[in-house]
Amino acid sequence: MKVLVSDPIAEEGLEILKSEHEVHVRTGLTEEELAEIIPEYDALVIRSGTKVTEPIINAADRLKIIGRAGVGVDNIDVPAATRKGIIVANTPEGNTISAAEHTLAMMLALSRNIPQANASLKANRWDRKRFMGSEIRGKILGIVGLGRVGIEVAKRAQSLEMDIIAYDPFIPAQRAKELGIKLADLETVLKQADYITVHTPLTDETRGMISDPQFAIMKPGVRIINCARGGIIDEDALARAVNKNHVSGAALDVFVNEPPTGSPLLEIENVIVTPHLGASTAEAQVAVAVDIAKQVLAALRGDSVTSAINLPPVRSDAMTVIAPYIDIAEMLGSMSAQLCRSFDEIEIEYTGSIFDTDVRMITLAALKGVLAQSMGPTVNYVNAPEIAKERKIRIKESKSLETDELQSVTIGLSGGIESRSVTGGLVGDGMRILKIDGHRVDIVPSRYMIIARHENRPNIIGPCCMILGRENINISGMQVSEAGIDNISIMILNVDSEVSDAVLDKIRGVDGVNDSELIRV
Ligand code: NAD
Ligand code: MLT
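The rules behind each value
Residues numbered from 1 in each chain as written. Chains lettered and ligands numbered in written order. Predicted model: local features only at pLDDT ≥ 70, side-chain atom pairs only at ≥ 80, totals over all residues. Heavy atoms only, no water. Helix = DSSP H or I, 4+ residues; strand = E, 2+ residues; numbered from the N terminus. Buried < 20%, exposed > 50% of the residue type's maximum accessible area, 1.4 Å probe, protein only. Polar contact = N/O pair within 3.5 Å; in protein donor to acceptor, adjacent residues only side chain to side chain. Contact = heavy atoms within 4.5 Å. Core = buried A, V, L, I, M, F, W, Y, C linked by side-chain atoms within 4.5 Å. Domains from an automatic or database assignment. Near = heavy atom within 4 Å. Nonpolar A, V, L, I, M, F, W, Y, C, P; charged D, E, K, R; others polar. Areas by Shrake-Rupley, 256 points an atom, 1.4 Å probe, with all protein chains shown as cover. Phe/Tyr/Trp six-rings, centres within 6.5 Å; stacked < 30°, edge-to-face > 60°. Expected span 1.5 Å × (residues − 1). Patch = residues over 30% accessible without salt bridge, like charges linked within 9 Å, V, L, I, M, F, W, Y side chains within 5 Å. Salt bridge = Lys/Arg side-chain N within 4 Å of Asp/Glu carboxyl O. Lys, Arg positive; Asp, Glu negative; His and termini not counted. Charge placed at Lys NZ, Arg CZ, Asp CG, Glu CD. Pairing = 2+ DSSP bridges. Right-handed = clockwise from strand over helix to strand, strands pointing away. Axes fitted to C-alpha atoms, helices over the stretch in contact; angles between N-to-C directions.

1. What about the side chain of Ser-211?
Along the polypeptide, Ser-211 turns up in the loop between β9 (195-198) and α10 (212-217). On the basis of relative accessibility, which here comes to 13%, the residue Ser-211 falls in the buried class. Among the polar contacts made by the side chain of Ser-211, one reaches the side chain of Asp-234 at a distance of 2.9 Å. When sequence neighbours within four positions are dropped, the list of residues in contact with Ser-211 reads Asp-234 and Ala-237.

2. Description of the nonpolar core
Soluble globular proteins: nonpolar side chains tend toward being buried together. Core analysis: the largest hydrophobic core is formed by 45 residues, its most contacted members being Ile-346, Ile-362, Leu-371, Ile-411, Ile-433 and Ile-436. Per-element accounting of this core gives the leading share, 10 residues, to helix α13 (residues 316-339). Looking at which domains feed residues into this core, each of domain 3 (314-445) and domain 4 (446-521) gives three or more. With sequence-adjacent residues up to four places away left out, Ile-411 is seen in contact with Ala-329, Leu-332, Gly-333, Ser-336, Ile-346, Glu-347, Ile-348, Ala-366, Val-370, Arg-420, Ser-421 and Val-422. By size, the runner-up hydrophobic cluster in this structure holds 28 residues, among which are Ala-193, Met-209, Val-222 and Phe-255.

3. What to know about the site of ligand 2
The local shell around ligand 2 consists of Arg-47, Ser-48, Arg-68, Ala-69, Gly-70, Val-71, Gly-72, Asn-95, Arg-229, His-276 and Ala-279. Across the shell around ligand 2, the residue classes tally to 3 nonpolar, 5 polar and 3 charged.

4. Overview of the site of ligand 1
Contacts to ligand 1 come from 31 residues, most closely from Val-149, Asp-168, Thr-200, Ser-374 and Arg-391. In this structure, a nitrogen atom belonging to ligand 1 sits 2.9 Å away from a main-chain N or O atom of Cys-227. For ligand 1, whose accessible area on its own is 870 Å², the fraction buried by protein is 97%. Where the shell around ligand 1 is concerned, the elements lending two or more residues are α7 (148-159) and α14 (360-375).

5. Considering the packing of aromatic side chains
Taken as a whole and judged by the stated rule, the model has 2 aromatic pairs. Between the aromatic rings of Tyr-325 and Phe-355, the centroid separation amounts to 4.9 Å while the plane-to-plane angle is 80°, which identifies the pairing as edge-to-face. Note that Tyr-325 is positioned in helix α13 and Phe-355 in the loop between β13 (345-351) and α14, a separation of 30 residues in sequence. The class of Phe-355 is buried, set by a relative accessible area of 1%. Aromatic pair Tyr-350 and Phe-355: ring centres 5.1 Å apart, planes at 50°, arrangement tilted.

6. What about the domain arrangement of the chain?
Per the domain assignment, the segments making up the chain are domain 1 (2-94 + 283-309), domain 2 (96-273), domain 3 (314-445) and domain 4 (446-521). Placing a centre on the C-alpha atoms of domain 1 and another on those of domain 4 gives a separation of 43 Å.

7. Topic: α14
The terminal C-alpha atoms of α14 lie 21 Å apart, and with 16 residues this matches the ideal 22 Å at 1.5 Å per residue to within 8%. When you tally the buried positions in α14, you get 14 out of 16 residues, the bulk of the element. Immediately beyond the C-terminal end of α14, within one or two residues, lies Gly-376, with a positive phi of roughly 70°.

8. A few points about unusual backbone geometry
Geometrically, the link from Glu-258 to Pro-259 is a cis peptide bond, its omega value of 0° lying close to zero. Tracing the sequence through the fold places Pro-259 in the loop between β11 (247-252) and β12 (271-273). A positive phi angle, close to 55°, is found at Lys-392, a residue other than glycine. Within the fold, Lys-392 resides in the loop between α15 (384-390) and β14 (394-400). The phi torsion at Asn-472 lies on the positive side, around 65°, for a residue other than glycine. Looking at the secondary structure, you find Asn-472 in the loop between α16 (461-470) and β20 (475-480). When its relative accessible area of 71% is taken as the criterion, Asn-472 is described as exposed.

9. Things to note about a negative patch on the surface
On the surface, Glu-31, Glu-32, Glu-33 and Glu-36 cluster together into a negatively charged patch. Mapping Glu-32 onto the fold places it in helix α2 (residues 31-37). Residue Glu-32 is classed as exposed on the basis of its relative accessible area, which comes to 56%.

10. Thoughts on the pairing of strand β4 (residues 65-68)
Residues Ile-65 and Gly-67 line one face of β4 and the alternating positions Ile-66 and Arg-68 line the opposite face, and both faces are buried. Where strand β3 (residues 43-46) lies against β4, 4 bridges are found, and the strand directions are parallel. Bridge pairing in β4 places Ile-46 opposite Arg-68. Tracing the backbone out of β3, into helix α3 (residues 54-59) and back to the parallel element β4 gives a crossover that is right-handed. As paired elements, β4 and strand β5 (residues 87-89) share 3 bridges and run parallel to each other.

11. Some details on the sheet that holds strand β17 (residues 430-436)
Strand order in the open sheet made by the 6 strands is β14-β13-β15-β16-β17-β18, with mixed pairing throughout. Taken across any chain shown, the strands that pair with only one partner, and hence form the sheet edges, are β14 and β18 (439-443). Within this sheet the neighbouring strands show an average axis-to-axis angle of 20°, counted without direction. Bridge count for β13 against strand β15 (residues 408-415) is 7 bridges, and the pairing is antiparallel. Across the sheet, Ile-348 pairs through a bridge with Ile-411, a residue of β15. Its contacts with the sheet put α14 on β13, β14 and β15, and the angle it makes with β13 is roughly 140°.

Written out as structure tokens, the structure is:
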């Protein structure tokens, strides 16, 4: 078979690929050039340079796998690949340490003005006063996103005698405690930290999570580091904060556009930059190249691909029965994790005789849906149970096979102070949401839904709808459940667009509304 490698990867990985297949290395291709040659290939191996867009995927008639030598898959149109049945696989662990070390290097370079001092001396200036630095010992490092890289950064910073405070709503407090890290809400981290480093994936939720309002509450003189993904920190807001000297410096390895040609950040003396070098070490590049080459060989042999992001390893005979419920369970998992942020137990309940079969894939899909809320697209069917275990999340599965009710799957999350659940099933060929927190509903899911709990009395639904109307947000569907014994009902509004936190806050402010969330599916 033929393998195309369209970004540079280590020779060790190429050798593994060549042991079984014809390998062509062609880097620097434009989208059109790649779309033109991709029909010849059975596998594509990339790093972050190649953007695998829908036109490329649509042209890829023989492609079985896209192998990403690295973590982030935001340069691949994963839904398009999934639709076309192309496996997308990555290498989540090979470059963790390199990314963490680069973050530390950036933090130290920032504190001691190393890039600026280096440039000055090489321009024949001996300027010692201008480059007065500051120690990092005893300073507070705020980490946003305490996953693989975040944890390794924390451990290294602790050895440099920094105090760590972290925000990651998806990490159990116990796990952070074991690592000697104080968990806090985002506002507290931003207010207290002397250095702030982000290590989340780029998701709908994290895009722009550090912007003008967040800079405004930070300590004057704070330093910012982004070695995760461009766009988590709003670049224009960062430029404004540095120019006002509120932020005394920033170190960036990643950008919204790479290369960031013309970015005002490149003009600012106190902003130091590297061209996406977090994973650029000999060790990491060998690790990710070898890892992805093995995944590609497995896929081309028809074996299971252990770090597949988009396709479950399902036996074809079981697939016929369970296939529709895989998508339903993933959607319900995602919905429940958006309703209940802090949980340590996931309960998956199967109702109906159809589930008298091997439902492990559906359970995995539910788990993936739940965890993807916090982990982004790197969580897959294979690593989801391991991630749940690491996070000390209990998973319960139960079946009620004898029932008069519709065949359905319920995902319940519980922990801390609350528990929430969402039930879904199939009506005809279409997905339906059948219950929320046990309240019966019948909703065709849409991309955006507002789910609000409220008292069952007059003058609540009207004011909520008026708030949306005033914001020009179209409601395309609506349902209100019967009230429970606590006299609480659930209102579900299918809306046609995003709804900002400010608008949700207005809905939450309506007398009788208990809570209101925007759910994206
Ligand atoms: P990970 O999935 O192990 O960790 C991400 C963490 O972010 C998780 O613990 C998750 O709970 C948390 N998170 C998700 N949404 C959040 C939110 N809204 N608020 C706070 N926390 C949230 O990923 P990782 O392997 O540690 O990688 C972290 C980032 O670094 C990714 O964006 C990855 O692509 C990037 N990366 C960059 C380089 C580089 O070359 N610069 C190298 C490796 C990784
Ligand atoms: C990653 O997501 O792994 C990093 O961004 C490194 C890379 O560019 O491969």
